[in-house]
Amino acid sequence: MTHVLLYWNHICVLHRQEKEYLRRIAEALRDDGIELEVRCFGLGYGEHMSEYLARRDAVLPDVIVSADLEVFENPLIFSRFRDGLYPARDWSALRPSPVLTACTRDRSLIPFAAIPMVYFTRNPEGCKKPIPEIEDLAFGGINNSAAKSIVKSVWERYGKDAAERVLARGSVSDMPIGAYQQVRTGERETALVPSLYALRADGMATHLVTPQEGPVLVASYICARRSIPEAAARRVLDAVMSRELCNFYVQNGDLILFPSCAEGHSTQEGESCMIASAPWLSAVSPEEFYALYRKYLPSAHDGAGATGCSRFAV
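We now turn to the structure provided with this report.

What counts and how
- Residue indices begin from 1 for each chain and proceed along its sequence in written order.
- Whole-chain, interface and lining totals are the exception, using all residues; otherwise, since this is a predicted model, local features are given only for residues with pLDDT of at least 70 and side-chain atom pairs are given and counted only at 80 or more.
- Excluding hydrogens and water, the side-chain values take into account all heavy atoms of the structure.
- When the centres of two rings from Phe, Tyr and Trp lie within 6.5 Å, Trp using its six-membered ring, the rings pair. Their planes under 30 degrees apart give stacked, over 60 give edge-to-face, and anything left gives tilted.
- Counting from the N terminus, the helices are DSSP H or I runs at least four residues long and the strands are E runs at least two residues long.
- Sitting over a ring, as applied to charges here, requires NZ of Lys or CZ of Arg to be within 6 Å of the ring centre and within 35 degrees of the ring normal.
- A 1.4 Å probe that fits into a set of points on a 1 Å grid over the protein atoms alone but cannot get out defines a cavity; an open set with protein on both sides within 12 Å along at least five of seven lines defines a pocket, and lining residues are those with an atom within 4 Å of a point.
- Grid points are joined across faces, edges and corners, and a volume is the space filled by probe spheres set on the points.
- For this classification, the nonpolar set comprises Ala, Val, Leu, Ile, Met, Phe, Trp, Tyr, Cys and Pro, the charged set comprises Asp, Glu, Lys and Arg, and every other residue, Gly included, is treated as polar.
- The buried label goes to any residue with under 20% of its type's maximum accessible area, the exposed label to any with over 50%, and the partly exposed label to all in between, with areas taken from a 1.4 Å probe on protein chains only.
- Between any two strands, pairing holds if DSSP finds at least two bridges.
- Within this analysis, the arc is defined by the directions that extend from the helix axis to the C-beta atoms.
- The contact criterion used throughout is that any non-hydrogen atoms of two residues lie within 4.5 Å.
- Put simply, a salt bridge is a Lys or Arg side-chain nitrogen that is within 4 Å of an Asp or Glu carboxyl oxygen.

Regarding the packing of aromatic side chains
Enumeration over the complete set of coordinates arrives at 16 aromatic pairs. Considering the side-chain rings of tryptophan 155 and tryptophan 280, the 5.5 Å spacing of their centres and the 70° angle between planes classify their relative orientation as edge-to-face. You can see tryptophan 155 sitting in helix 6 (residues 145-158) and its partner tryptophan 280 sitting in helix 12 (residues 278-283), a full 125 residues away along the chain. Among the aromatic residues, those joined into a ring-pair cluster are Trp155, Trp280, Phe289, Tyr290 and Tyr293. Its end group placed over the ring of tyrosine 52, arginine 39 keeps NZ or CZ at 4.2 Å from the ring centre.

Topic: empty space enclosed by the protein
Following the criterion strictly, the structure yields four cavities of 30 Å³ or more and no others. There is about 90 Å³ of room inside the largest cavity. Counting residues per element, the ones that place at least two in the lining of the largest cavity are helix 3 (70-73), helix 12 and helix 13 (286-296). Among the elements that take part in the lining of the largest cavity, helix 13 stands out by supplying three residues, more than any other. Of the residues that constitute the lining of the largest cavity, the class distribution is seven nonpolar, two polar and three charged.

Some thoughts on the pairing of strand 4 (residues 110-121)
Within strand 4, twelve of the twelve residues are buried, leaving the element largely enclosed by the surrounding structure. Note that strand 4 and strand 9 (residues 216-224) share seven bridges and pair antiparallel. Among the inter-strand pairings, alanine 114 is bridged to a residue of strand 9, identified as alanine 219. Bridging between strand 4 and strand 10 (residues 256-257) involves two bridges; their strand directions are antiparallel. Its bridge partner being in strand 10, alanine 114 is matched across the sheet by isoleucine 256. In the sheet, strand 4 pairs with strand 8 (residues 207-209) via three bridges, with the strands oriented antiparallel. By the bridge assignment for strand 8, phenylalanine 120 is matched with leucine 208.

Section: the environment of glycine 186
Note that glycine 186 resides in the loop between helix 8 (176-184) and strand 7 (190-194). Take glycine 186: its relative accessible area is 44%, and that puts it in the partly exposed class. Each C-alpha atom, one on glycine 186 and one on arginine 122, is 8.2 Å from the other, the two residues being 64 residues apart in sequence.

Some words on the environment of glutamate 135
As for its position among the elements, glutamate 135 is in the loop between strand 4 and strand 5 (138-140). Here glutamate 135 falls in the exposed class, since its relative accessible area comes to 62%. Expressed as a C-alpha distance, the spacing of glutamate 135 and leucine 29, which sit 106 residues apart in the sequence, is 51 Å.

Side note on helix 13
Of the positions making up helix 13, those classed as buried are Pro286, Phe289, Tyr290, Leu292 and Tyr293. Looking straight down helix 13, one finds that the buried residues subtend no more than 160° of arc, so they occupy a single side. Every exposed residue of helix 13 that faces more than 90 degrees away from the buried side is listed here: Ala291 and Lys295. For helix 13, the secondary structure elements touched by its buried residues are helix 3, helix 4 (75-78), helix 6 and helix 7 (160-169).

As for the pattern of salt bridges
Applying the stated criterion to the full structure yields 19 salt bridges. The residue arginine 107 makes a salt bridge to aspartate 90 at a minimum N-O spacing of 2.5 Å. A residue pair is termed long-range when its members are at least 10 positions apart, and arginine 107 in the loop between helix 5 (98-103) and strand 4 and aspartate 90 in the loop between helix 4 and helix 5 qualify at 17 residues. Overall, the relative accessible area of 51% leaves arginine 107 in the exposed class. Connected via shared salt-bridge partners are Glu20, Arg23, Arg24, Glu27 and Glu244.

In C-alpha cells:
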C-alpha cells in the first residue's frame, strides 16, 4: 500500500461537498493500493496552507491542491518544494483557451480551476471603466487569494499607483461575501466578487457586470512531488481531476475548469481576463507587495501568517 499525503485548500463555499468527494475517492484508491490521507486548510481549519508551509517544522505533502496562491506565488514558500515536483502539467489533457494561457505557470503546476470575480452592482453604467476608476469599490478576502489577486492584477495591468488607489479608496472585507452583502444592503454601490455571488443579481436593483478587462481570476493548481512513485501520483491526480468534480464545480460554483473532461462552462469563460502573470510575480518581491498591501490593510498576514517576512528567514 502506497501512502499519499494530500494537502487541500480549495473552494471554501463548496467544501462540504469537496470533503464527501475526497472521502469517496480515498475509498476507491484503496483498490489501487493507495492509502490517501487528506489534510485540509483554509476557512474553518484555523490556518491557510501557505501559513503552514512557511513554518520551519512543516511536513511537506506528496500532492497539493490549492487556491491559496501564496503557496505558488510567494517564492519563499514555493522554493521549499518546487525542485522536487514532477512535470505534471504534461500529464493532463487541458482544454485550450485564452484563460488557460493566462493561468499557465510552469510544467510542475496543473491549472485546475479558476474563480471568476465580476461586479455585483446597483449602477451598471458606472462599471464601464477600468477597475482602478471604480469609486468606493467593495471587495473582500483580505487573508485569502481574492483581495490579493485583485491588487496584484491591477498592479501589473495599470501600475503600482493604481493598485494603491484601489486599496486606498476601496472598502475591503475579511471575505468576499462581506463585499457582496455591502451592495445587497445598499451600503455600497459596487463590489468585485465571485460570479457565484453576482449571479444572484435580480436584474432590476442589482446587476452582474463583467469588468471591461474581463473577470479577475483566482486560479487553483495541482502539483505532485517525487516523494511518491509516478504511477501513484498520476492515479491520484486523475481521481481529483475527474469529470464528476469538474462538472460539480461548474454547475454549483460557476468556476472555470481547465481539464478537458469538464463538460460545462462558466458564464464568465471568454477571451479576456485579469490574473497576475508569472513574469510579474517574479519581478515583484513579497516584501514589496506586502509593504503596500498592509499599508492599507494592517490586519493582513504576509502570506506566512505573520506581520513581516521574518518567518521565511533561513
